[in-house]
Amino acid sequence: MTTSRVLIIGATGRLGQNLVRTSIESGRPTFALVRGSSFSNPEKSALLEEFTRAGVQLLKGSLEDVSSLVEAVGQVDAVICAVSSNQVEDQKLLIQAIKRVGSVKRFIPAEFGTDPDRVQTKGLEHDFYKKKAEIRRIIEREGIPHTYISCNFFMSYLLPSLVQPGFKTPPRDRVKIFGDGNTKAVFVRECDVASFTISTLDDPRTLNKVLYLRPPGNIFSLNELVEMWEMKIGKKLEKVCVPQVEVLRIIEETSNPNDLEMYFIHAAFIKGVQTYFKVEDYGVEGTQLYPHIKYTTISQYLDSVL
C-alpha cells in the first residue's frame, strides 16, 4: 500500500496536533497549513517548532487565501481539515482548491462528530449539522474522493464532568440524569480518533464512505456511566431526573452558543442520534477495520480523573 503525502489544516488545534503526531509516527510525509499569526503566538510557535523538529513541513496560508490553498494542496495526495466547528463553512475555498489542483486522492473534511446526515433533531442547534451536511454535498457534487469521520463525542467533551453541565470534574454527591438515562452515546479520545483517521488515507475500503467510530468499550448510557463512576468511587450518588420536556425548555431559554451543550446532551442521550442506526447501513466501523489500534476505554479515562 502506498503512503500518501498528507496536508493537515488546523494543525495547532487539539485534534490537529494529534493528527500531525500520528501522521509523523506512521512515517508519512506530513505538511501543515499554518496562519502567519501562529508563528508569533508563544504557545503555538513552540508547538510549530516541535513539529518542525519532527519533520513536518510548515506551509503558510489560510482557508481565506485560495492561492495559498492551491499551492499547499498541490504538494500532497491527501488533505485533512481539522478546524473547529465554527469554521466549517470556511472549507468552501479549500474544496475549490482541491478541485482545481485535481490530484488529491482523499479529502477528510472537518466533521469529527455525530453524522450530520443521521441527526433527527435539526432545528434546535442553529444549523450546526446543516452546515456540515452542506459541505458533504459540495464535496460529492464536485466528485472529490473523500472519507467522512463520524467519531461522535470526543472524550474531552462532556465526559470529564460525567455529562453534568457546569461541572469540570465528575460529581461525588448528586448527579443529573437526562431523560430516562437509558439511551447510549459514544465517546472516543482525540488521539485515538487521529489514529483511525490516518489509517483511512490509503485504504480503499473507506473511499467515499463514512468511517464510524463505535468502540465496544465506549458505548454507554448515562445510567451506565453513573453506575461505573459509583463503583470507582465506592459511593452511591443521589439521582436527580431531568425529563425531556425540561431539557427542551432549558435549550429554548438559553442563548446561542451556550445552549449547544444541552442540545448535544438531548440529541445523544435522549434522542439517541449516535446509536439508533446500524453502521453497516451507511458506512464502515473503524474498530472492525483496524482491530490493531488500541483505544482508550471510558473506564480507563474515568480512572484518570479519580
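All of the points below concern the structure found in this document. Quick caveat: nothing in here was measured; it's all calculated off a predicted structure.

### Some remarks on the overall build of the protein chain
Here is step 1: Summing up its helical and strand segments, the protein chain has 11 helices and 13 strands in all.
Here is step 2: Its C-alpha atoms give the protein chain a radius of gyration of 20 Å, within 12% of the compact-globule value 19 Å for 306 residues.
Here is step 3: By its C-alpha atoms, the protein chain is 55 × 40 × 40 Å across when sized along the principal axes.
Here is step 4: Per-residue burial over the protein chain gives 53% buried out of 306 residues.
Here is step 5: For the protein chain, long-range pairs separated by at least 24 residues make up 82% of all intrachain contacts whose partners lie at least 6 apart in sequence.
Here is step 6: Element-wise, carbon and sulfur atoms account for 49% of the exposed surface of the protein chain, whose accessible area totals about 13,800 Å².
Here is step 7: Put simply, the protein chain has 38 plus and 37 minus side-chain charges, and the middle of one group is 2 Å from the middle of the other.

### Here's the deal with the pairing of strand E1 (residues 6–9)
Here is step 1: Residues Val6 and Ile8 line one face of E1 and the alternating positions Leu7 and Ile9 line the opposite face, and both faces are buried.
Here is step 2: As paired strands, E1 and strand E2 (residues 30–34) are joined by four bridges and run parallel to one another. The partner of leucine 7 across the bridge, within E2, is phenylalanine 31.
Here is step 3: Since E1 and E2 lie parallel, the crossover through helix H1 (residues 14–25) that links them has a hand, and here it is right-handed.

### Considerations on the packing of helix H8 (residues 244–253) against helix H9 (residues 260–269)
Here is step 1: Interhelical geometry of H8 versus H9 gives an angle of 150 degrees and a closest axis separation of 9 Å. When the axes of H8 and H9 are compared, the pair comes out roughly antiparallel. As H8 runs across H9, the sense of the crossing is left-handed. For the pair H8 and H9, contact is made by Gln244, Val247, Leu248, Ile250 and Ile251 and by Met262, Tyr263 and His266, respectively.
Here is step 2: Each residue belonging to the contact of H8 with H9 can be placed in one class, and the counts come to six nonpolar, two polar and no charged.

### Description of the nonpolar core
Here is step 1: Counting 38 residues, the largest nonpolar core has Phe187, Leu225, Phe269 and Ile298 as the members making the most contacts within it.
Here is step 2: Of all the elements, H9 adds the most residues to this core, at eight residues.
Here is step 3: Contacts of isoleucine 298, omitting those with residues within four sequence positions, involve Met155, Leu159, Phe187, Gly217, Asn218, Phe220, Leu225 and Met228.
Here is step 4: Grouped together as the second largest cluster of nonpolar side chains are 33 residues, Val20, Ala82, Phe154 and Ile293 included.

### Digging into the sheet that holds strand E13 (residues 283–285)
Here is step 1: Here we have three strands laid out as an open sheet, ordered E6-E10-E13, and parallel in their pairing. The outermost strands of the open sheet, each flanked by one partner alone, are strand E6 (147–150) and E13. Adjacent strand axes in the sheet meet at a mean angle of 25 degrees, parallel and antiparallel pairs treated alike.
Here is step 2: In this sheet, E13 lies alongside strand E10 (residues 209–212) in parallel orientation, the contact comprising three bridges. By the bridge assignment for E13, leucine 211 is matched with valine 284.

### Some remarks on the sheet that holds strand E4 (residues 78–81)
Here is step 1: Strand order in this open sheet of five strands is E3-E2-E1-E4-E5, and the pairing throughout is parallel. Pairing within the sheet leaves two strands with one partner each, and these edge strands are strand E3 (57–60) and strand E5 (106–108). Mean inter-strand twist for the sheet, computed between neighbouring axes without regard to direction, equals 20 degrees.
Here is step 2: Pairing of E1 with E4 involves four bridges; the strand directions are parallel. By the bridge assignment, isoleucine 8 is partnered in E4 with isoleucine 80.

The rules behind each value
Residues numbered from 1 in each chain as written. Predicted model: local features only at pLDDT ≥ 70, side-chain atom pairs only at ≥ 80, totals over all residues. Heavy atoms only, no water. Helix = DSSP H or I, 4+ residues; strand = E, 2+ residues; numbered from the N terminus. Rg over C-alpha atoms; globule rule 2.2 N^0.38 Å. Buried < 20%, exposed > 50% of the residue type's maximum accessible area, 1.4 Å probe, protein only. Contact = heavy atoms within 4.5 Å. Areas by Shrake-Rupley, 256 points an atom, 1.4 Å probe, with all protein chains shown as cover. Lys, Arg positive; Asp, Glu negative; His and termini not counted. Charge placed at Lys NZ, Arg CZ, Asp CG, Glu CD. Pairing = 2+ DSSP bridges. Right-handed = clockwise from strand over helix to strand, strands pointing away. Axes fitted to C-alpha atoms, helices over the stretch in contact; angles between N-to-C directions. Parallel < 35°, antiparallel > 145°, perpendicular 65-115°, else oblique. Left-handed = near helix turned anticlockwise from the far one by under 90°. Nonpolar A, V, L, I, M, F, W, Y, C, P; charged D, E, K, R; others polar. Core = buried A, V, L, I, M, F, W, Y, C linked by side-chain atoms within 4.5 Å.

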